[in-house]
Amino acid sequence: CAETSSPIIQTFLMKQIVRRIGVDKFRQVIGDASLRFAWVMPDHLKQDEEDEVVPDRFLVAGEQYRDIREATTKSVLSNNTAGLQATANFNTQTKRRTAVQVVLALYREVTVYYAEPPQRRQNFPSLTKLLTFVQDNNHIAKNTQAFAHMLINNEQGASLAAMRVSPRQNGTIRSLSALVVHFITVLHECSSHNRMLDVFHKLAFQPAALDKAFLPTMPEDELADVRQVVTQGTWYECPNGHPYLITECGGAVQEYLCIDCGERVGGGGHRLLDSNRRAHTGDTSQTGHIIGRAHRGQELTNGG
């Protein structure tokens, strides 16, 4: 294995060992010079101390994902996708979930290898059969197929260019890229079947369409909630619209500086400064957040 020109074979062997004895035991064995097992660790994983190890965060998807990932590696090594097709086992009930897991496996087992130095990638196995498997698979949505094609070739473009894998890439960037890959794959595969995902589909691919939309999140105007608790006094605004409260009778008897902008607030003799004004008492959430509580979602949907 240590003499092979492809890093995939050595990595595949290492994964099989880790699955059986665990990561901690594996590190213990290869770290024991007397056992002479250091060759099991691929050179590209013998990183300097400052390098970050990026774990496979998709393992939370379960045993099926793990099996599909392993079958993907075997397909790359053998240039034969029959085993991957059998393991994926697309069916009507679970085909979308399976399609997502296939793409995630492709990202982990193929795209991530673009982190290898160029001289090692020269001997990378052919990916032709893998590309054909994706493109000819009627169980995978067209948009998902196009996205998988980009991942296999590490050709994420336009707004996804930051997701391209490169040597010595920051571990945080790689982890965030994995989350985005999962997010986009689910949108491509499931958004046409689930209206709940419409807003997220627009957020990812048509963000301008949400400029004036009310998103299903918590209200922005927290002051509306505060007013319901603090009922004694009167609310005012500084010249720049920052709210403040005068308790008791609500009359201004002193001047202060606004804690947000430093403008003069308050007044004297129960007379408000001319530059100040009564605050709005309604919910002033801006577009981008729902108005009021989440249970009013139906009102907003129907009433705009």
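Residues numbered from 1 in each chain as written. Predicted model: local features only at pLDDT ≥ 70, side-chain atom pairs only at ≥ 80, totals over all residues. Heavy atoms only, no water.

Here we look at the overall build of the protein
Secondary structure summary: the protein contains 12 helices and six strands in total. The proportion of buried residues among the 304 residues of the protein is 37%. Taken as a whole, the protein presents about 18100 Å² of accessible surface, with 52% of it coming from carbon and sulfur. (Helix = DSSP H or I, 4+ residues; strand = E, 2+ residues; numbered from the N terminus. Buried < 20%, exposed > 50% of the residue type's maximum accessible area, 1.4 Å probe, protein only. Areas by Shrake-Rupley, 256 points an atom, 1.4 Å probe, with all protein chains shown as cover.)

Quick word on the side chain of Thr144
Residue placement: Thr144 occurs in helix α8 (residues 142-153). Beyond its immediate stretch of four places on either side in the chain, Thr144 contacts Val103, Thr185, His188 and Glu189. (Contact = heavy atoms within 4.5 Å.)

Description of helix α7 (residues 128-135)
All buried positions along α7 are accounted for by Leu130, Leu131, Phe133 and Val134. Seen from one end, α7 has its buried residues packed into an arc of 155°, which puts them on one side. Turning to α7, the residues buried within the fold contact α3 (63-78), α4 (82-88), α5 (95-109) and α8. (Arc of directions from axis to C-beta.)

Re the sheet that holds strand β3 (residues 255-257)
Taking strand neighbours across the sheet as the criterion, the three strands line up as β3-β4-β5 in an open arrangement whose pairing is antiparallel. In the strand order of this sheet, the two ends are held by β3 and β5 (271-272), each with one partner. Inspection of the sheet shows β3 paired to strand β4 (residues 264-268) by three bridges, in the antiparallel sense. Directly across from Glu255, in β4, lies its bridge partner Gly266. (Pairing = 2+ DSSP bridges.)

Quick look at the pattern of salt bridges
Applying the stated rule across the entire model yields six salt bridges. A salt bridge links Glu109 to Arg69; the shortest N-O distance between them is 4.0 Å. Of the two residues, Glu109 is situated in helix α5 and Arg69 in helix α3; the sequence distance between them amounts to 40 residues. Accessibility classification places Glu109 together with Arg69 in one group, the buried group. Residue Arg264 is joined to Glu255 by a salt bridge in which the shortest nitrogen-to-oxygen separation is 2.9 Å. Relative accessible area serves as the criterion here: at 44%, Arg264 is assigned to the partly exposed category. Judged by its relative accessible area of 42%, Glu255 is partly exposed. Here the salt bridges share partners, and the residues they tie into one network are Asp56, Arg69, Arg108 and Glu109. (Salt bridge = Lys/Arg side-chain N within 4 Å of Asp/Glu carboxyl O.)

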